[in-house]
Amino acid sequence: MTQNERKQAVAHAALDHILPHLENDMILGIGTGSTANGFIDALAEIKNRFDGAVASSESSAERLRTHGIPVYDLNTVSELRFYIDGTDETNEHLHLIKGGGAALTREKIVAVVAKEFICIADENKWVDVLGAFPLAVEVIPMARSYVGRELVKLGSDPIYREGVVTDNGNIILDAWNMNIINPIEVEQAINQITGVVANGLFAIRPADLLLLGTSSGVKSLTIQ
Ligand code: 5RP
């Protein structure tokens, strides 16, 4: 099985998971990235079984609309039963590093509203300790240098993601070599830096279910 086939497999596994719960007036939370794109494409096959979606990025919103799936502003939605999204890294506690696609802030907002966060990922995203993948930090542009210095104090090597402006008009600093032995503490510490909008650690609100695509099939994992 290729990596692409494993991504397709987890997208369909997520569809199978939500299918029995779908209702005509249900709105789904949808993430960002190539794995989430696979899920959006699979979802299009059953678009008459639910009402619409809230997207965690403009690119996902565009893809949903292209498939004829209505996209809602989160402010008009009182409940999201499911949020389905990919990840850059996951550990056994379903703590995640996300933000490779710079959509981390909206992803966090949709994840925190959703009742169940289903993470879909290829097995190469599984790690013992988070942090080999650089931790994305969304920053208000004028605070870039200050936040960079504070991230250095936390032990990381931040690098400005050149040419990237988030959907919220901000910039991304990628914190390399961050020591993430305690993901909740690191997430909280970065959140405390003035000028930080959000960081890509999803530990305070981890995934509830991980569907991991492996060469021997899709593994279903819940928080350990
Ligand atoms: C975007 C994300 C993505 O979920 C993450 O980068 C995984 O992407 P892919 O499914 O393409 O590997 O967090 O901000």
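Criteria and thresholds
- Along each chain, numbering runs from 1 in the same order as the chain's sequence is written.
- It should be noted that, the model being predicted, local features are given only for residues of pLDDT at least 70 and side-chain atom pairs only at 80 or more, the latter also being counted only at that level, while totals for whole chains, interfaces and linings use all residues.
- Processing note: side-chain calculations cover all non-hydrogen atoms of the structure and skip hydrogens and water entirely.
- For this analysis, a salt bridge means a side-chain nitrogen from Lys or Arg found within 4 Å of a carboxyl oxygen belonging to Asp or Glu.
- Strands are runs of DSSP state E lasting at least 2 residues, helices are runs of H or I lasting at least 4, and numbering of each runs from the N terminus.
- In this scheme, a residue with accessible area under 20% of its type's maximum is buried, one over 50% is exposed, and one in between is partly exposed, where area comes from a 1.4 Å probe on protein chains only.
- On a scale of 0 to 100, pLDDT captures the predictor's confidence in every residue.
- Grouping buried Ala, Val, Leu, Ile, Met, Phe, Trp, Tyr and Cys residues that are joined through side-chain atoms within 4.5 Å yields what is termed a nonpolar core.
- Two residues form a contact once any of their heavy atoms are found within 4.5 Å.
- Axes, fitted as lines to C-alpha atoms, cover a helix only where it is in contact. Angles between the N-to-C directions of the axes lie from 0 to 180 degrees.
- Should an angle fall under 35 degrees it is called roughly parallel, over 145 degrees roughly antiparallel, and 65 to 115 degrees roughly perpendicular, with every other angle called oblique.
- Here is the rule for handedness: rotate from the far helix to the near one, and if that takes an anticlockwise turn smaller than a right angle the crossing is left-handed, while a clockwise turn gives right-handed.
- Each residue is assigned to one class: nonpolar for Ala, Val, Leu, Ile, Met, Phe, Trp, Tyr, Cys and Pro, charged for Asp, Glu, Lys and Arg, and polar for all the others, Gly among them.
- By this definition, two strands are paired if DSSP reports at least two bridges between them.

(A) Focus on the pattern of salt bridges. For the structure shown, the criterion picks out 11 salt bridges. In this structure, the salt-bridge partner of Asp85 is Lys98, at a minimum N-O distance of 2.8 Å. Of this pair, Asp85 sits in strand β3 (residues 80–85) while Lys98 is found in the loop between β5 (96–97) and α4 (104–113), placing the two residues 13 residues apart along the sequence. Across the pair, Lys98 and Asp85 agree in class, each one buried. Through salt bridges with shared partners, a single ionic network connects Arg6, Asp122 and Glu123.

(B) Region of interest: the confidence of the model for the protein chain. Summarising the model, the protein chain shows a mean pLDDT of 97, and 100% of its residues fall at 70 or more. Helix α1 (residues 3–18) is the least confidently modelled element of the protein chain, averaging 96 in pLDDT, while strand β7 (residues 135–139) averages 99, the highest of any element.

(C) Seen up close, the nonpolar core. With 27 residues, the main nonpolar core has Ile18, Leu28, Ile30, Phe39, Leu43, Ile118 and Ile120 as its most contacted residues. Mapped onto this core, the elements with two or more residues apiece are α1, β1 (27–30), α2 (34–43), β2 (52–55), α3 (58–66), β3, β6 (114–122) and β12 (209–214). Setting aside residues no more than four positions away along its own chain, Leu43 makes contact with Leu15, Ile18, Leu28, Ile30, Phe50 and Ile69. Residues Leu130, Leu151, Met178 and Ile180 belong to the second largest nonpolar core, which totals 19 residues.

(D) Local environment of the packing of α1 against α2. Contact geometry for α1 and α2: axes closest at 8 Å, N-to-C directions at 50°. As far as their axial angle goes, α2 and α1 are oblique. Note that α1 runs across α2; the crossing there is right-handed. Contacts from Lys7, Val10, Ala11, His12, Ala14, Leu15 and Ile18 in α1 reach Ser34, Thr35, Gly38, Phe39, Ala42 and Leu43 in α2. Of the residues belonging to the contact of α1 with α2, the class tally is 8 nonpolar, 4 polar and 1 charged.

(E) Focus on the packing of α2 against α3. With their axes 10 Å apart at the nearest point, α2 and α3 run at an angle of 20° to one another. Between α2 and α3, the crossing angle belongs to the class labelled roughly parallel. Considering how the two elements wind past one another, α2 and α3 form a crossing that is right-handed. On α3, the residues that touch Asn37, Ile40 and Asp41 of α2 are Ser60, Arg63 and Leu64. Residue composition of the contact of α2 with α3, grouped by class: 2 nonpolar, 2 polar and 2 charged.

(F) Representation of the sheet that holds strand β9 (residues 171–176). Spatially, 4 strands are ordered β8-β9-β7-β10 in an open sheet, and the strand pairing comes out antiparallel. Sheet topology places β8 (157–160) and β10 (196–199) at the edges, where each strand pairs with a single neighbour. Pairwise comparison of adjacent strand axes, ignoring direction, gives a mean angle of 30° for this sheet. Note that β8 and β9 share 4 bridges and pair antiparallel. Its bridge partner lying in β9, Asp157 is registered against Trp176. Each of β7, β8, β9 and β10 is contacted by helix α5 (residues 144–153), which is oriented at about 15° to β9, the strand it contacts most.

(G) Structural view of unusual backbone geometry. A positive phi angle is found at Leu94, which is not glycine, with a value near 60°. Here Leu94 lies in the loop between β4 (89–90) and β5. Leu94 sits in the buried class, given a relative accessible area of 0%. The backbone phi angle of Asn177 is positive, close to 60°, even though this residue is not glycine. Summarising the element assignment, Asn177 is placed in the loop between β9 and α6 (183–191).

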